[in-house]
Amino acid sequence: GIWKTAMSNTPRATLQQNTRLIDFPSLGDVRGQLCALESVSAYVPFDIKRVYYMWDVGADQVRGKHAHYTLKQVLICLGGACEVVVDDGRQRQTVRLNSPLKGLLIDGFIWREMQHFTPGATLMVLASAHYDEADYVRNYDQFLQQANEG
């Protein structure tokens, strides 16, 4: 399976409620493959305000290593493959993204790390807001403390 799990403490957001894999439609034909995604749809449940992508990430490099207070994201590996570790403060799961027809929705206070990029992998992220440093938690201990409050 694509999910790996390890337990820790009680979270404010949960992986079951705040993360899910989304299958995108393939609209391809004899001319080639095509996938179209739109804001506020069954596939992207928010208004897209920002798109960014990463490539040429070394296999030993880890990207992300943060959580967001309010940002929603859909991560799509357009080519190659990578793993996304999601963590709600209680459990961690690793999702392998290896198809442009699959996206990982992350909604809520969830720690994320992107790792194990294959050569040539390109990871695109659709985001619900413009960049805002105040929305980030970049310290894992601080994330754990806040995720387990209340």
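Everything below is about the structure printed above this text.
Residues numbered from 1 in each chain as written. Predicted model: local features only at pLDDT ≥ 70, side-chain atom pairs only at ≥ 80, totals over all residues. Heavy atoms only, no water.

Q: Please explain helix H2 (residues 140–147) as it appears in this structure.
A: For an α-helix, 3.6 residues make a turn, and residues three or four places apart therefore share a direction. Every buried residue of H2 is accounted for by Phe143, Gln146 and Ala147. The buried side chains of H2 occupy one side of the element, clustering within an arc of 95 degrees when seen end-on. Relative to its buried face, H2 has exposed residues pointing more than 90 degrees away, namely Asp141 and Gln145. The elements touched by buried residues of H2 are strand S4 (63–68), strand S6 (82–87), strand S9 (111–115) and strand S11 (136–137). The N-capping residue of H2, defined by a side-chain oxygen 2.9 Å from the backbone nitrogen of Asp141, is Asn139. (Buried < 20%, exposed > 50% of the residue type's maximum accessible area, 1.4 Å probe, protein only. Helix = DSSP H or I, 4+ residues; strand = E, 2+ residues; numbered from the N terminus. Arc of directions from axis to C-beta. Contact = heavy atoms within 4.5 Å. Polar contact = N/O pair within 3.5 Å; in protein donor to acceptor, adjacent residues only side chain to side chain.)

Q: Mind showing me how you'd approach the nonpolar core here?
A: Side chains that are nonpolar tend, in soluble globular proteins, to be buried together. Ranked by internal contacts, the top residues of the largest apolar core, which has 19 residues, are Leu75, Val84, Leu97, Phe117 and Leu123. Among the secondary structure elements, those contributing two or more residues to this core are strand S5 (72–79), S6, strand S7 (91–97), strand S8 (102–107) and strand S10 (122–127). Once residues lying within four places of it in the same chain are set aside, the contact partners of Phe117 are Met54, Val57, Ala59, Arg63, Ala81, Cys82 and Leu123. (Core = buried A, V, L, I, M, F, W, Y, C linked by side-chain atoms within 4.5 Å.)

Q: It is not clear to me how the side chain of Gln115 should be interpreted in this structure. Could you clarify?
A: Inspection of the secondary structure assignment puts Gln115 in strand S9. Apart from residues no more than four positions distant in its own chain, Gln115 is found in contact with Gln61, Val62, Cys82, Glu83 and Val85.

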